[in-house]
Amino acid sequence: GQFDIYRKVPKDLTQPTYTGAFISILCCVFILFLFLSELTGFIATEIVNELYVDDPDKDSGGKIEVSLNITLPNLHCDLVGLDIQDEMGRHEVGHIENSMKIPLNQGAGCRFEGEFIINKVPGNFHISTHSASAQPQNPDMTHFIHKLAFGDKLQMHQEKGAFNALGGADRLASNPLASHDYILKIVPTVYEDLSGKQKFSYQYTVANKEYVAYSHTGRIVPAIWFRYDLSPITVKYTERRQPFYRFITTICAIVGGTFTVAGIIDSCIFTASEAWKKIQIGKMS
């Protein structure tokens, strides 16, 4: 019919050639290679990150969950306490909700594990002997931090970022009478998976110093201070996958493009060989 865009070429004008067969095989291999690389790209999810200024987790009521796990090998559990202070006027000594103290080294040491809430304003929480009924003479604040994390736990495929930057901090060889200051900058982090579900976590950077503090009355009782401040910048990680229509478009482009280029190469070779044959015939005659 006149609307047939695939018009048939008369048989005697089409002829198979060895180069054509060789190029066809090369094409199929090339197409397969490109198809597989596109397919792996389509299946894999990429994680895109962006920055913006906002409080991402507005439903939290301006609060952040904190998870702390710390070992003090030379301080009795009766003496260990968690105190929380912040710029909203909160001042809590000996916070005990959702926390447990596990005696170590026949009761000479203690492991403190706690989960508590802080407000989204600058403040600090500290491990100290302030809540003990009687203050010890020489409290030993050497410690090992197993975990300090804020917000939801993220199950990222490529977990990057500093969600537990202090995990593994070893201060067991420090001066027993020293206080420790950890200055934290907390960065809100949102993770959105393929289904659009969001999790709110916090990364942080840390600087630390260690010192023996004195006042006019003598040496100040040492403590382990975690002073925090929040960054106004939020980091957002979004899982993305290439849309299906783009995958199909690319596959069509690969197949069509490869055969078109191959056809051009084949016809060039065929034309060149025909011309060469004519030249040879011309020389013989």
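Residues numbered from 1 in each chain as written. Predicted model: local features only at pLDDT ≥ 70, side-chain atom pairs only at ≥ 80, totals over all residues. Heavy atoms only, no water.

Although it is not a glycine, Asn 105 adopts a positive phi angle of roughly 50°. The topology assignment puts Asn 105 in the loop between β5 (99-104) and β6 (109-119). The phi angle at Gln 106 is positive, at roughly 50°, despite the residue not being glycine. Tracing the sequence through the fold places Gln 106 in the loop between β5 and β6. (Helix = DSSP H or I, 4+ residues; strand = E, 2+ residues; numbered from the N terminus.)

Here the focus is the state of the cysteines. Scanning the model with the defined rule gives one disulfide in all. Here Cys 77 pairs with Cys 110 through a disulfide, and the sulfurs are 2.1 Å apart. Across the S-S bond linking Cys 77 and Cys 110, the dihedral sits near 95°, which makes this disulfide right-handed. Note that Cys 77 is positioned in the loop between β2 (63-72) and β3 (81-86) and Cys 110 in strand β6, a separation of 33 residues in sequence. Accessibility expressed as a relative area gives 8% for Cys 77, which makes it buried. Counting only cysteine sulfurs, Cys 28 is the nearest neighbor of Cys 27, a cysteine outside any disulfide, at a range of 6.6 Å. Looking at Cys 27, the relative accessible area reads 6%, which means it is buried. (Disulfide = S-S within 2.5 Å. Buried < 20%, exposed > 50% of the residue type's maximum accessible area, 1.4 Å probe, protein only.)

To continue, consider the domain arrangement of the protein. Considered domain by domain, the protein is made up of domain 1 (11-44 + 242-281) and domain 2 (54-232). Each of domain 1 and domain 2 has a C-alpha centre, and these two points are 63 Å apart. (Domains from an automatic or database assignment.)

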